[in-house]
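A structural walkthrough
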Amino acid sequence: MKGLTITREELEEIKRLQLKHHWKWPAAFSANPRGDIWPYVTRGYTDEGLREQVRHVSKIIDAIADEYLNARPTGGRFFIDDTGAFYTPQGESEVQFLAFRFVNPK
């Protein structure tokens, strides 16, 4: 599994991009094969009119989404917590595709 070195402030920046709280994760986003990234808004398909594009808003969310699309080129939803980033294949357990390494961990 790949690692990504980030700061606690960058993790908080990602969480602030979240529009609606996901029941389990501090932050949840979707990405598609074109590289678009948008915060979790609703379960299932998110209508394009409800997608607030966040690509290029944060270099960290861009890097996480790029790694997600490397792991799962068809895209979909991915989830972030304080340990890293995950996705959940249909009917399966979550898969961690990125582990966070913190600069000056506290």
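Throughout what follows, the structure given in this document is the object of discussion. (Residues numbered from 1 in each chain as written. Predicted model: local features only at pLDDT ≥ 70, side-chain atom pairs only at ≥ 80, totals over all residues. Heavy atoms only, no water.)

Time to look at the overall build of the chain. Looking only at helices and strands, the chain has two helices and six strands in total. The linear arrangement of helices and strands in the chain, starting from the amino end, is β-α-β-β-α-β-β-β. In terms of overall dimensions, the chain has a C-alpha envelope of 40 × 25 × 25 Å along the principal axes. For the chain, with 106 residues in total, the buried portion stands at 46%. Here the contacts in the chain between residues at least 6 apart in sequence split such that 48% fall between residues at least 24 apart. Summed over all atoms, the accessible surface of the chain reaches about 6,100 Å², with 50% contributed by carbon and sulfur. Each charge class in the chain can be summarised by its mean position, and for the 15 positive and 15 negative side chains these summaries are 2 Å apart. (Helix = DSSP H or I, 4+ residues; strand = E, 2+ residues; numbered from the N terminus. Buried < 20%, exposed > 50% of the residue type's maximum accessible area, 1.4 Å probe, protein only. Contact = heavy atoms within 4.5 Å. Areas by Shrake-Rupley, 256 points an atom, 1.4 Å probe, with all protein chains shown as cover. Lys, Arg positive; Asp, Glu negative; His and termini not counted. Charge placed at Lys NZ, Arg CZ, Asp CG, Glu CD.)

Quick look at the packing of aromatic side chains now. Following the criterion strictly, the structure yields nine aromatic pairs and no others. Centre to centre, the rings of Tyr87 and Phe97 are 6.1 Å apart; their planes meet at 40°, and the pair counts as tilted. Placement of the pair is Tyr87 in strand E5 (residues 84–87) and Phe97 in strand E6 (residues 95–102), with a sequence separation of ten residues. Through pairs of rings, three or more aromatic residues link up here, namely Phe29, Tyr68, Phe78, Tyr87 and Phe97. Above the ring of Phe102, the side-chain terminus of Arg8 is found at 3.7 Å from the ring centroid. (Phe/Tyr/Trp six-rings, centres within 6.5 Å; stacked < 30°, edge-to-face > 60°. Lys NZ or Arg CZ within 6 Å of the ring centre and 35° of its normal.)

A separate point is the sheet that holds strand E1 (residues 2–6). Strand pairing in a sheet relies on backbone hydrogen bonds, with the paired strands running either antiparallel or parallel. Pairing is mixed in the open sheet, where six strands are placed in the order E1-E6-E5-E4-E2-E3. Two strands close off the open sheet at either side, each with one partner strand: E1 and strand E3 (37–39). Averaged over all pairs of adjacent strands, the angle between their axes in this sheet comes to 30°, without regard to strand direction. On the sheet, helix H2 (residues 59–71) packs against E1, strand E2 (27–31), E3, strand E4 (76–80), E5 and E6 and is oriented at approximately 125° with respect to E4. (Pairing = 2+ DSSP bridges. Axes fitted to C-alpha atoms, helices over the stretch in contact; angles between N-to-C directions.)

Residues Phe29, Ile64, Phe78, Ile80 and Phe100 are the most contacted members of the largest nonpolar core, which totals 24 residues. Counting residues per element, the ones that place at least two in this core are E1, helix H1 (8–16), E2, H2, E4, E5 and E6. Counting residues per element, this core draws most heavily on H2, which supplies six residues. (Core = buried A, V, L, I, M, F, W, Y, C linked by side-chain atoms within 4.5 Å.)

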